[in-house]
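# Topology and contacts: notes
As a plain string of letters, each chain reads:
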Amino acid sequence: MSDFSKMFDEKCLLYATRIVNLCRFLDKEKKGRHIIDQIMRSGMSIGANYAEAECAISDSDFIAKLYISLKECNETLYWLRLLRNVNDLDEKQFNSIFEDGEEIKRMLVTIIKTKRKNMIVS
């Protein structure tokens, strides 16, 4: 595993941890009950799919797993926006975790584009 892969894997793990802690907070505050299960699943799936991609059997399989990770990231960002819109998250809470998710999303897009480009060149 490359240094970048280790760093990105850790970033995804920390983000999943933040999502779990957010869900615990929401549950304790009796907020977002209708969203907790959804955001928990999608938020934890980002890193899980990246971990699967690391053991892909082909470049195409690697990209497919990363696309799943990207879709889960995008879904997580949607649920975060919804939590903000229904006032279950204030702006400060929202901005911090949303920005981290956006960063992961941008990184996933870059990894996918780079891998696809390298596949074409090979």
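## Focus on the pattern of salt bridges
Counted by the stated rule, this structure contains seven salt bridges. Of the charged contacts in the structure, one is a salt bridge between Asp 27 and Arg 33, with a shortest N-O distance of 3.1 Å. Asp 27 gets classed as partly exposed once you look at its relative accessible area, which sits at 39%. We classify Arg 33 as partly exposed; its relative accessible area is 46%. Because the salt bridges share partners, they merge into one network encompassing Glu 52, Asp 61 and Lys 65.

## Remarks on the nonpolar core
Ranked by size, the top nonpolar core spans 31 residues in total, and within it Ile 39 and Leu 80 carry the most contacts. Elements with a contribution of two residues or more to this core: helix H1 (3-28), helix H2 (36-53), helix H3 (59-85) and helix H4 (91-121). Counting residues per element, this core draws most heavily on H3, which supplies nine residues. Excluding its chain neighbours within four sequence positions, the residues that come into contact with Leu 80 are Tyr 15, Leu 22, Ile 39, Leu 89, Phe 94, Ile 97 and Phe 98.

## Notes on the environment of Ile 46
The topology assignment puts Ile 46 in helix H2. What makes Ile 46 buried here is its relative accessible area of 1%. Beyond its immediate sequence surroundings of up to four residues, Ile 46 is in contact with Cys 12, Tyr 15, Ser 69, Glu 72, Cys 73, Thr 76, Ile 104 and Leu 108.

## Describing the side chain of Asp 88
When you line up the elements, Asp 88 lands in the loop between H3 and H4. Within the buried core, Asp 88 has no salt-bridge partner, and the shortest N-O distance to an opposite charge, that of Lys 31, equals 5.4 Å. A polar side-chain atom of Asp 88 sits 2.9 Å from the main-chain amide nitrogen of Gly 32. Beyond its immediate chain neighbours, meaning those up to four positions away, Asp 88 contacts Leu 26, Lys 31, Gly 32, His 34, Leu 83 and Gln 93.

## Remarks on the side chain of Ser 69
Secondary-structure assignment places Ser 69 in helix H3. On the basis of relative accessible area, Ser 69 is assigned to the buried category, the value being 0%.

What counts, and at which threshold
Residues numbered from 1 in each chain as written. Predicted model: local features only at pLDDT ≥ 70, side-chain atom pairs only at ≥ 80, totals over all residues. Heavy atoms only, no water. Salt bridge = Lys/Arg side-chain N within 4 Å of Asp/Glu carboxyl O. Buried < 20%, exposed > 50% of the residue type's maximum accessible area, 1.4 Å probe, protein only. Core = buried A, V, L, I, M, F, W, Y, C linked by side-chain atoms within 4.5 Å. Helix = DSSP H or I, 4+ residues; strand = E, 2+ residues; numbered from the N terminus. Contact = heavy atoms within 4.5 Å. Lys, Arg positive; Asp, Glu negative; His and termini not counted. Polar contact = N/O pair within 3.5 Å; in protein donor to acceptor, adjacent residues only side chain to side chain.

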